[in-house]
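Spelled out, the chains give:
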Amino acid sequence: QNVINQIAAGEVIEAPHSAVKELVENAIDAESTEIRIEISKGGKELIKVTDNGMGIAAEELRTAFLPHTTSKLRKLEDLEKIESLGFRGEALASIVSVSKVEIYTKTNESEVGVYGVFEEGNLINCKPMGCPNGTTIIIHNLFSKTPARLKYLKSDGVESSKITELITRMALSKINIAFQYVNNNNIMLTTRGDNSIQSVVETIFPRELSSSMIAGKEVDVLNHGEKISITGLIGQPHATRGNRSYQVFFVNNRLVKSNFLSKIFEAAYKDSLMINRYPVGILYFSIPSTLIDVNVHPAKTTVKFFDEKIIADLFTEFVQTNLFQQTN
Ligand code: ADP
Ligand code: MG
């Protein structure tokens, strides 16, 4: 009960990108290896997420869309371990309360799949249907019945760019999953899911950047007997950008935004850098958890380094070691 009260607070779905985030996180939780996201009109008209994951059994379909029926939360202590806001068991319930939803789903064990339609939160149609293993959820006209909310959404272009950013981040974080993202019938992004960061960078970064990026040699340092290390790909001096959107940092495998890291990165390039150009790269920091404080927020994950100097020195060393290498 307590758990439910604690997690009930707050609104889950406030814009199309939050619906996309919840659906894709569910697909990831369902151990999918392929996830396809399709939207139109910034996600306001249509959001369709197809995965090849474990599916939902027909007899569980109704409960999966009821509030607080997550299979994941059992004890209060679990709440402390929750790192993703998806772990609340109310995403699907919230989505069907603000839109018409169609679902096709089939588990590996069942011979035939199931098709369901939700309107105003109720399952109004449910029947057996032949479909592949996995789940497709289609959200029609999000918030069309709540014009007050609809009014607060940004233009289709702005809403879809938020979705693009979200999916790009997810594709960078989950390189073992093949993502495809389609916006108004245009393929925006495709990754192979082949567990290669090089391959993800080739599909996500513009060609003139990805072709100049090289895998750097790892650098590391010991801090009180614990290893801090940096690996990743960095662009060569000529491959720069007008902003920081191709500076990607992972700290202990979590994608973070960090002005601090960006500044160190830029300073390390300064000698060879033209004015107002930003280096590009995708960097992996492995740092003992006692040296950082990670703050997970729905919009972005930030990190505080307790010893900034040791990180700055090591990052500078990584750049200097790897900056002037031959590219092919
Ligand atoms: P939560 O993810 O917090 O459990 P949701 O409302 O997002 O809550 O989903 C409710 C339940 O529906 C999940 O726990 C899961 O059992 C099931 N589910 C949702 N999406 C999928 C999916 N794509 N594949 C398999 N099961 C799913
Ligand atoms: Mg969920």
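Just above sits the structure.
Residues numbered from 1 in each chain as written. Chains lettered and ligands numbered in written order. Predicted model: local features only at pLDDT ≥ 70, side-chain atom pairs only at ≥ 80, totals over all residues.

(A) Looking closely at the overall build of the protein chain. Within the protein chain one finds 11 helices and 18 strands. Out of the 328 residues belonging to the protein chain, those deemed buried represent 34%. Long-range pairs, those at least 24 residues apart, make up 65% of the contacts in the protein chain with a sequence separation of at least 6. (Helix = DSSP H or I, 4+ residues; strand = E, 2+ residues; numbered from the N terminus. Buried ≥ 20, exposed ≤ 12 C-beta atoms within 10 Å, placed from the backbone. Contact = placed C-beta atoms within 7 Å.)

(B) Spatial organisation of the packing of helix 2 (residues 16–29) against helix 7 (residues 156–173). As a packed pair, helix 2 and helix 7 sit with axes 9 Å apart at the nearest point and diverge in direction by 25°. Considering their axes alone, helix 2 and helix 7 lie roughly parallel with respect to each other. Where helix 2 crosses over helix 7, the two elements pack in a sense that is right-handed. Judged by residue contacts, Pro-16, His-17, Val-20, Lys-21 and Val-24 of helix 2 engage Glu-159, Lys-162, Ile-163, Leu-166 and Met-170 from helix 7. Residue composition of the contact of helix 2 with helix 7, grouped by class: six nonpolar, one polar and three charged. (Axes fitted to C-alpha atoms, helices over the stretch in contact; angles between N-to-C directions. Parallel < 35°, antiparallel > 145°, perpendicular 65-115°, else oblique. Left-handed = near helix turned anticlockwise from the far one by under 90°. Nonpolar A, V, L, I, M, F, W, Y, C, P; charged D, E, K, R; others polar.)

(C) Structural context of helix 7. Taking 1.5 Å per residue as the helical rise, helix 7 with its 18 residues ought to reach 26 Å, and the 26 Å between its terminal C-alpha atoms agrees with that figure. The set of residues buried in helix 7 consists of Glu-159, Ser-160, Ile-163, Ile-167, Thr-168, Met-170 and Ala-171. Against the buried residues of helix 7 lie helix 2, strand 1 (34–40), strand 7 (178–183), strand 8 (186–190) and helix 8 (197–204). (Expected span 1.5 Å × (residues − 1).)

(D) Highlighting the environment of Ile-311. When you line up the elements, Ile-311 lands in helix 11 (residues 308–322). Judged by C-beta crowding, with 25 C-beta atoms within 10 Å, Ile-311 ranks as buried. For the pair Ile-311 and Ile-47, spaced 264 residues apart in sequence, the C-alpha separation works out to 41 Å.

(E) Representation of unusual backbone geometry. Residues other than glycine seldom take positive phi values, yet Phe-143 does so here, at roughly 65°. Relative to the helices and strands, Phe-143 resides in the loop between strand 6 (134–140) and helix 6 (147–151). Look at Asn-195: it is not a glycine, yet its phi comes out positive at around 65°. The residue Asn-195 is located in the loop between strand 8 and helix 8 in this model.

(F) View of the nonpolar core. Membership of the largest hydrophobic core comes to 61 residues, with the highest contact counts inside it found for Ala-19, Val-24, Ile-37, Val-49, Ile-95 and Phe-315. Mapped onto the domain boundaries, this core takes at least three residues apiece from domain 1 (2–197) and domain 2 (206–322). Non-local contacts of Val-24, meaning those with residues more than four positions away in its chain, are made with Ile-35, Ile-37, Val-49 and Met-170. (Core = buried A, V, L, I, M, F, W, Y, C linked by C-beta atoms within 7 Å. Domains from an automatic or database assignment.)

(G) Looking closely at the sheet that holds strand 8. Ordered in space as 5-4-3-6-2-1-7-8, the eight strands form an open sheet in which the pairing is mixed. The open sheet has two free edges, formed respectively by strand 5 (122–129) and strand 8, since each of these has just one partner strand. On average, each strand axis in the sheet is inclined to that of its neighbour by 10°, with strand direction left out of account. Here strand 3 (residues 100–106) runs beside strand 4 (residues 113–119); their pairing, made up of five bridges, is antiparallel. Bridging across to strand 4, Glu-102 finds its partner in Val-117. Against the sheet, helix 2 touches strand 1, strand 2 (46–51) and strand 6, its axis set at about 10° to strand 2. Sitting on the sheet, helix 7 is in contact with strand 1, strand 7 and strand 8, with an inclination near 170° to strand 7. (Pairing = 2+ DSSP bridges.)

(H) Spotlight on the environment of Tyr-152. Within the secondary structure, Tyr-152 sits in the loop between helix 6 and helix 7. Judged by C-beta crowding, with 9 C-beta atoms within 10 Å, Tyr-152 ranks as exposed. As a C-alpha pair, Tyr-152 and Gln-198 span 46 residues in sequence and 39 Å in three-dimensional space.

(I) Inspection of the packing of helix 10 (residues 259–269) against helix 11 at higher detail. Viewed as axis vectors pointing N to C, helix 10 and helix 11 meet at an angle of 40°, and their least axial separation amounts to 9 Å. With respect to helix 11, the axis of helix 10 lies oblique. In this structure, the crossing between helix 10 and helix 11 has a hand that is right-handed. Across the interface between the two elements, Phe-260, Leu-261, Ile-264, Phe-265, Ala-268 and Tyr-269 of helix 10 pack against Glu-308, Ala-312, Phe-315, Thr-316, Val-319 and Gln-320 of helix 11.

It is worth stressing that arrangement in space is one thing and function is another; only the former is reported here.
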